[in-house]
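The residues making up each chain are set out below.
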Amino acid sequence: MRKERGLLIVLSGPSGVGKGTVRKELFSQPDTNYEYSISMTTRKPREGEVDGVDYFFKSHEEFEQLIGEGRLLEYASYVGNYYGTPLDYVNATLDAGRDVFLEIEVQGASQVRDKVPDGLFIFLAPPSLSELEQRLVGRGTETNDVIASRCLAARDELEMMNLYDFVVENDEVHLACDRVNAIVTAEHCRRERVEKRYLSMLKGEY
Ligand code: 5GP
């Protein structure tokens, strides 16, 4: 039987929303059935990080060579360092019929959106804006100016969600993971994705 191409799952969202935490929790679960695409970065390893496990750590020159050779699906410069997704790994894994999971920042996600329109784009969002505002006010530690500028930043970040198919609130990590898994399951059942297989069956291809 012909293998269907895997699904490209992109988890992104504003910085500080907890993308890394959700991704790590998902991949610590034994029944998670996606392949994590290990990113390339020019950032120095943090204590405990292992090359080829957490990231592929590259020099600036090596990274720019990868860009020049067109070997990255997407890349972005974030807080002074490059981060990018290896194209060959993603393609080979999808071709083998396995789902690939990217956890990347928003500039990179919008590049993937352009290149892989049938990917699954999930925006991880902070709990509601009003809750966030209430928390900022309620803490009583910030001046009104600081509260106002944080609320403004939160609004800008939330506006980025219009590029995504689904929004997952990260109120609790295990709930956010359950929602991501539910979305992926539903996406696999989407008619447009499965009907090709049934049409092939009807034609007697398998
Ligand atoms: P950190 O340095 O904390 O590991 O990651 C910083 C940011 O880079 C996070 O928002 C993370 O999601 C993002 N990131 C990690 N890998 C990639 C990648 O391959 N491409 C892009 N565009 N962002 C990435």
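Residues numbered from 1 in each chain as written. Predicted model: local features only at pLDDT ≥ 70, side-chain atom pairs only at ≥ 80, totals over all residues. Heavy atoms only, no water.

## Quick look at unusual backbone geometry
Quick reminder of the rule: We count a stretch as a helix when DSSP gives it H or I for four or more residues in a row; a strand needs E for two or more, and each element gets its number in order from the N terminus.
In this structure, Val79 is a non-glycine residue whose phi angle is positive, near 45°. With respect to the helices and strands, Val79 occurs in the loop between β5 (72-78) and β6 (81-86).

## Points about the packing of aromatic side chains
Here a ring pair, both rings aromatic, is described through the centre-centre distance and the interplanar angle of the planes. In plain terms, the rule: Two aromatic rings, drawn from Phe, Tyr or Trp (for Trp, its six-membered ring), form a pair once their centres lie within 6.5 Å of each other, and the interplanar angle then sorts them: stacked below 30 degrees, edge-to-face above 60, tilted otherwise. Whether a residue is buried, partly exposed or exposed follows from its accessible area with a 1.4 Å probe, protein chains only, as a fraction of its type maximum: under 20%, in between, or over 50%, in that order.
Summed over all chains, the structure comprises 11 aromatic pairs. Where Phe63 meets Tyr75, the ring centres are 6.4 Å apart and the plane angle is 70°; that geometry is what we call edge-to-face. With Phe63 in helix α2 (residues 60-68) and Tyr75 in strand β5, this residue pair connects regions lying 12 residues apart in the sequence. Taking the relative accessible area as the measure of exposure, Tyr75 reaches 31% and is therefore partly exposed. Ring centres 5.0 Å apart and planes at 65° place the aromatic pair Phe123 and Tyr164 in the edge-to-face group. Within this pair, whereas Phe123 is found in strand β8 (residues 120-125), its partner Tyr164 is found in the loop between α6 (144-159) and β9 (166-169), the two being separated by 41 residues in sequence.

## Section: the environment of Val100
The following threshold applies: Any two residues whose heavy atoms approach within 4.5 Å at even a single point are treated as in contact.
Checked against the element boundaries, Val100 lands in strand β7 (residues 99-103). Of the residues examined, Val100 reaches a relative accessible area of 0% and is grouped as buried. Once residues lying within four places of it in the same chain are set aside, the contact partners of Val100 are Leu7, Leu8, Ile9, Glu35, Ser37, Val90, Thr93 and Leu94.

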